[in-house]
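Here is what each chain is made of, one letter per residue.
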Amino acid sequence: MTVKSDEGDVLLDIRSLRTRIETLRGVVHPVNDVSLQCRAGRTLAVVGESGSGKSMTFLSVLGLLPAGGSIESGSVTYLGREISTASPKEMRRLRGKSIGMIFQDSLAGLNPSFTVGEQIGDVVRHHENASRSQARERAIETLGLVGLPNPRERVDYYPHQLSGGMRQRVMIAMGVALRPRVLVADEPTTALDVTVQAQIMELLDGLRRELGMSLVVITHDLGVVARYAEDVAVMYGGRVVEHGSVRQVLKSTNHPYTEALLRSSPRPDASVAELDPIPGQPPNLLAVPPGCGFHPRCHRRDGREDCTVQIPQLRALSPTSQLTACHHAEEMVMQEVST
Amino acid sequence: MAAETAEAPGAPFVAGQDAVLRVENLSKHFRQRKRFGRPSPVVRAVDDVSFDLARGETLGLVGESGCGKTTLSRMILRLIEPTSGKVFLDGEDVTRLEGRHLRTFRQKVQVVFQDPYASLDPRQKVGASVGEPLTNSGLSRERKLEIVHETLERMGLQRGQARLFPHQFSGGQRQRIGIARALSVTPQVLLLDEPVSALDVSIQAQVLKLLRDLREEYGLSYILISHDLSVVRHVSDRVMVMYLGRIVEIASKHDLYTAPRHPYTASLLSAAPVPDPDVERVRERIQLAGDPPNPVNPPPGCAFHQRCFHASALAEKLPDDEVEVLADGRRVPGACARLQPALAPGAAGTRWSACHFPLENEETAAITA
Ligand SMILES: Nc1ncnc2c1ncn2[C@@H]1O[C@H](COP(=O)(O)OP(=O)(O)OP(=O)(O)O)[C@@H](O)[C@H]1O
Ligand SMILES: Nc1ncnc2c1ncn2[C@@H]1O[C@H](COP(=O)(O)OP(=O)(O)OP(=O)(O)O)[C@@H](O)[C@H]1O
Ligand code: SF4
Ligand SMILES: [Mg+2]
Ligand SMILES: [Mg+2]
């Protein structure tokens, strides 16, 4: 099932993607039956706790899985063309040029012994047969695009000469140097101050508009989702458990896990009397609970057996509602009406 | 360069006799490595900071990276020596304690760090880590072991787990072990330096709830450092905002979050997004440009004036001779560019801010909406 949305062409279409990784302790499926669409000019947020498969989903799409990892089933199309079976050479061409990615912990990913201009230039030369000076010009232009002051001077700086916020801008510059149509930003602001976070998110949002990109923001900050995204997918244990517009999901969730996330988060704009921690731990992929992966921690299961036996499928409760993967989602709708 | 400072009207002390901790005019100036042929530059990491902490109170401490939060807490913990100023615990000056007295002091003020993994010795069983602060307590082996077990159990862990190593625990469990270690000596003050930033929301909520319960149970006072304004709002009674080594605002949580006086506080609040798309749509956003200035060479006047939205707005209504034009062409009131504002109390004497032109309630309504 996919989310119905009339706005924006689908650039990247992920359908029932299942990824496997063979580990010494057995086979795990960090991405399990995931379907997502990235639309031109729109921002999709992917949220969920650590280990829920957010990064693996897009690393699968880009053909960058760790050793032992492969796509087991499902399809990924870019502009209607299947890319899950593309050759490594084709994938290299797609990466950066069609689908750009800003990697998680990317600040550690900058090479300390090359200037930022050389590193951005490399990306350009790798793809576009550009000369050294053309690549440098493109680097300067891109650094300007990402709002680095004095790009002509800073292009020759080494990473350590820049603040954390400026380094993140450089990483974004590398991600957009080839002007991709889809940009995946994996936790782009996690290690940064709130003020810098806001600057970086405003920048990504502006680039999306300016370049007409489809932006995917992987985050665990529901505030970022509310401020910047139109669509959101909530992941748990390798699966998408709720998917819809940001308003649907954050204002009237149909899934107990999303509800639990909201109830366990403090807010900057209101005093929350009591937080409701989610008991227990996120699932271990080597021992995913049978049935609904969330059932051991779910406050709505109420001893019901179907939760422990049957995997709930994503479904829409009404033609206009979001998708949810909970056997008992109807109860949540009824409760909303009554409160 | 001796900055010109507006006349200092006392310090933001509110706890009176009830203060468990009191910090007076604390400064730390780091001398950086000598550069050839040049005088070595001085970093004013913490500059003339005064505040107090009431028994049972939680004081939140926020500010951008490098504003001096950790340096301040390390001085309070007596891990580094202040350049000047004093620290009092229970009315006693502890700034120069040494030897046995310092060890006794250390039992009363404990710390929990951000990264639970880095702060626990990976080769030490967690039971030994938790018992470490008890080393010089003079208690018997049996009593110490008993305390370790009791504290672990209080943290929701099992006594049998004392024999395991840190890597055998999840992040949330490791953070609880870090807290257990700090509490094994039943301190009076607990410094929490980003205690939940490395944790997932669901686990973060577990630890925050635990910290709240422990505060009641052990009669603890907390100083909580966090860059997460939601976390600070959730646990603090009062909140202190630092900018470039100085306090720019200190007020009750309610006052600070609903009607900030300092433009920097307002900018921070505006930067934190709210998990509600309807609220976000109508909220006013202040863009705080650039990075905080270099503490080696702080700007004259108000350290915030180059980034201050309020100053530019005010300058529009001022005659040219009262306005200073900055290098980037922005205009600010002359006072902001020349005179360092002192931390001064508002009318009620309960909230303090260091701005020549503190914000009014109406001016912040759209931000805190
Ligand atoms: N090389 C690997 N071998 C086996 N399992 C792996 C490997 N890399 C990741 N995993 C597992 O895949 C799952 C999904 O990981 P992923 O990095 O996608 O999580 P995430 O949602 O991005 O989490 P985070 O918020 O921590 O970044 C995790 O449970 C992780 O343990
Ligand atoms: N040992 C030192 N020598 C020289 N400068 C130092 C030293 N320790 C800290 N500083 C400087 O003092 C200032 C304050 O640092 P501090 O670590 O206290 O900041 P912080 O507010 O804790 O930042 P963060 O949020 O990044 O942890 C910074 O400019 C820092 O570079
Ligand atoms: S003193 Fe001036 S520059 Fe500083 S915060 Fe107040 S208005 Fe802004
Ligand atoms: Mg990830
Ligand atoms: Mg610090």
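## Side note on the site of ligand 1
Residues and elements named next belong to chain A.
No. 1: Ligand 1 sits among 15 residues. The nearest are Ser50, Gly51, Ser55, Met56 and Gln104.
No. 2: At 2.8 Å from an oxygen atom of ligand 1 is found a side-chain nitrogen or oxygen belonging to Lys54.
No. 3: In isolation ligand 1 offers 640 Å² of accessible surface; the protein chains occlude 69% of this area.
No. 4: The set of elements that each furnish at least two residues to the shell around ligand 1 consists of strand E1 (10-23) and helix H1 (54-61).
No. 5: By residue number, the principal contributor to the shell around ligand 1 is H1, which donates 3 residues.
No. 6: Tallied by class, residues from the shell around ligand 1 come to 5 nonpolar, 7 polar and 3 charged.

## A closer look at the environment of A:Ala198
No. 1: Residue position: A:Ala198 is located in helix H7 (residues 194-211).
No. 2: The spacing of A:Ala198 and A:Val224 is 26 residues in sequence and 8.9 Å in space, taken between C-alpha atoms.
No. 3: In this view, A:Ala198 contacts A:Tyr228, B:Ala271 and B:Gln287; residues no more than four positions away in its chain are not counted.

## Structural notes on the site of ligand 3
No. 1: Around ligand 3 lies a shell of 13 residues, among which B:Cys302, B:His305, B:Cys308, B:Cys336 and B:Cys355 are the nearest.
No. 2: Residues belonging to the shell around ligand 3 are distributed by class as follows: 9 nonpolar, 4 polar and no charged.

## Some thoughts on the interface of chain A and chain B
No. 1: In this complex, chain A contributes 42 residues to the contact, which on the side of chain B involves 44 residues.
No. 2: Taken together, both faces of the contact between chain A and chain B bury some 3,700 Å²; the carbon and sulfur share is 52%.
No. 3: Contact with chain B buries area across many residues of chain A, yet A:Val194, A:Arg227 and A:Pro268 alone supply 19% of it, more than any other trio.
No. 4: Connecting chain A to chain B are 6 salt bridges.
No. 5: The residue B:Arg212 makes a salt bridge to A:Glu274 at a minimum N-O spacing of 3.9 Å.
No. 6: Counting residues per element, the ones that place at least two in the side of chain A that touches chain B are H7, helix H8 (222-228), helix H9 (246-251) and helix H10 (256-264) of chain A.
No. 7: Broken down by element, the residue count for the side of chain A that touches chain B peaks at 6 residues, all from H8(A).
No. 8: Grouping the amino acids of the side of chain A that touches chain B by side-chain chemistry returns 21 nonpolar, 10 polar and 11 charged.

## Observations regarding the coordination of the magnesium ion (ligand 4)
Under ideal tetrahedral coordination, the four donors around a metal are separated by 109.5 degrees; under ideal octahedral coordination, the six donors are separated by 90 or 180 degrees.
Residues and elements named next belong to chain A.
No. 1: In this structure, Ser55 (OG) and Gln104 (OE1) serve as the protein donors to the magnesium ion (ligand 4), at separations of 2.0 to 2.2 Å. Residue Ser55 is located in helix H1, and its partner Gln104 is located in the loop between strand E6 (99-102) and helix H3 (116-128); the two are separated by 49 residues in the primary sequence.
No. 2: Looking at Ser55, the relative accessible area reads 18%, which means it is buried.
No. 3: For Gln104, a relative accessible area of 37% gives the class partly exposed.

## A few points about the pattern of salt bridges
Residue and element names in this part refer to chain B.
No. 1: A full pass over the atoms with the stated rule returns 47 salt bridges over all chains.
No. 2: Asp52 serves as the salt-bridge partner of Arg238, at 3.6 Å between the closest nitrogen and oxygen. You can see Arg238 sitting in strand E9 (residues 238-243) and its partner Asp52 sitting in strand E2 (residues 42-54), a full 186 residues away along the chain.
No. 3: Overall, Asp52 belongs to the buried group, its relative accessible area being 0%.

## Remarks on the sheet that holds E1(A)
No. 1: With antiparallel pairing, the 4 strands of this open sheet are ordered in space as E2-E1-E4-E5 (chain A). Strands with a single pairing partner mark the edges of an open sheet, and in this sheet they are strand E2 (26-39) and strand E5 (81-82) of chain A.

## Here's the deal with the nonpolar core
No. 1: Ranked by internal contacts, the top residues of the largest apolar core, which has 60 residues, are B:Met155, B:Ile179, B:Leu190, B:Leu214, B:Leu229 and B:Tyr264.
No. 2: The element that contributes the greatest number of residues to this core is helix H6 (residues 201-218) of chain B, accounting for 7 residues.
No. 3: Excluding anything up to four places from it in sequence, B:Leu229 contacts A:Val194, B:Val62, B:Tyr257, B:Leu268, B:Leu269 and B:Ala272.
No. 4: In this structure, A:Leu143, A:Val146, A:Leu162 and A:Met171 belong to the second largest nonpolar core, which totals 36 residues.

Definitions and limits used
Residues numbered from 1 in each chain as written. Chains lettered and ligands numbered in written order. Predicted model: local features only at pLDDT ≥ 70, side-chain atom pairs only at ≥ 80, totals over all residues. Heavy atoms only, no water. Near = heavy atom within 4 Å. Polar contact = N/O pair within 3.5 Å; in protein donor to acceptor, adjacent residues only side chain to side chain. Areas by Shrake-Rupley, 256 points an atom, 1.4 Å probe, with all protein chains shown as cover. Helix = DSSP H or I, 4+ residues; strand = E, 2+ residues; numbered from the N terminus. Nonpolar A, V, L, I, M, F, W, Y, C, P; charged D, E, K, R; others polar. Contact = heavy atoms within 4.5 Å. Buried area = accessible area lost by both parts, 1.4 Å probe. Salt bridge = Lys/Arg side-chain N within 4 Å of Asp/Glu carboxyl O. Donors = N, O, S within 2.8 Å, 3.2 Å for Na, K, Ca; no water. Buried < 20%, exposed > 50% of the residue type's maximum accessible area, 1.4 Å probe, protein only. Pairing = 2+ DSSP bridges. Core = buried A, V, L, I, M, F, W, Y, C linked by side-chain atoms within 4.5 Å.

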